[in-house]
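Inside the fold
Spelled out from the first residue to the last, the chains are:
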Amino acid sequence: MKNKPRKLPDLRTDADAEAFVTSADLTDYDLSGMVPVRFELKPKDRSVNLRLPADLLEAVRERAREAGIPYQRFIRMALERAVQPRSR
């Protein structure tokens, strides 16, 4: 019988995370609460001003809070999804 999955430790720094993943067997841990993270590597070299109704902006901010990301990143991700080629 397999042991109960262990809880992931609280990793406060990149060094802590690196040390953990190099030595830990991740199959021993409960990863069910993990969410994908998208890293933004491209530089933001242009700025856009956009006027929105207050209720729409508040809805965007609320969704971004729920997703755990800044609202401007949330808007950028929505725009990226909108212009991706459609799969058939």
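Note: the structure precedes this text.
How each quantity is defined
- Residues numbered from 1 in each chain as written.
- Predicted model: local features only at pLDDT ≥ 70, side-chain atom pairs only at ≥ 80, totals over all residues.
- Heavy atoms only, no water.
- Axes fitted to C-alpha atoms, helices over the stretch in contact; angles between N-to-C directions.
- Helix = DSSP H or I, 4+ residues; strand = E, 2+ residues; numbered from the N terminus.
- Parallel < 35°, antiparallel > 145°, perpendicular 65-115°, else oblique.
- Contact = heavy atoms within 4.5 Å.
- Nonpolar A, V, L, I, M, F, W, Y, C, P; charged D, E, K, R; others polar.
- Phe/Tyr/Trp six-rings, centres within 6.5 Å; stacked < 30°, edge-to-face > 60°.
- Lys NZ or Arg CZ within 6 Å of the ring centre and 35° of its normal.

1. Some words on the packing of helix α2 (residues 54–67) against helix α3 (residues 71–83)
Closest axis-to-axis distance for the α2/α3 pair is 8 Å, and the angle between their directions is 95°. If you check the angle between α2 and α3, you find them roughly perpendicular. For the pair α2 and α3, contact is made by L57, V60, R61, R63 and A64 and by Y71, F74 and I75, respectively. Its residues assigned to classes, the contact of α2 with α3 comprises six nonpolar, no polar and two charged.

2. Overview of the environment of V37
Assignment of secondary structure puts V37 in the loop between α1 (14–23) and α2. Remark: the alpha-carbon pair of V37 and R81, spanning 44 residues in sequence, is separated by 15 Å.

3. Points about the packing of aromatic side chains
Under the defined criterion, the tally for this structure stands at one aromatic pair. Ring centres 5.2 Å apart and planes at 80° place the aromatic pair F20 and Y29 in the edge-to-face group. For the cation-ring pair, R61 lies above Y71, with the distance from its terminal atom to the ring centre recorded as 4.5 Å.

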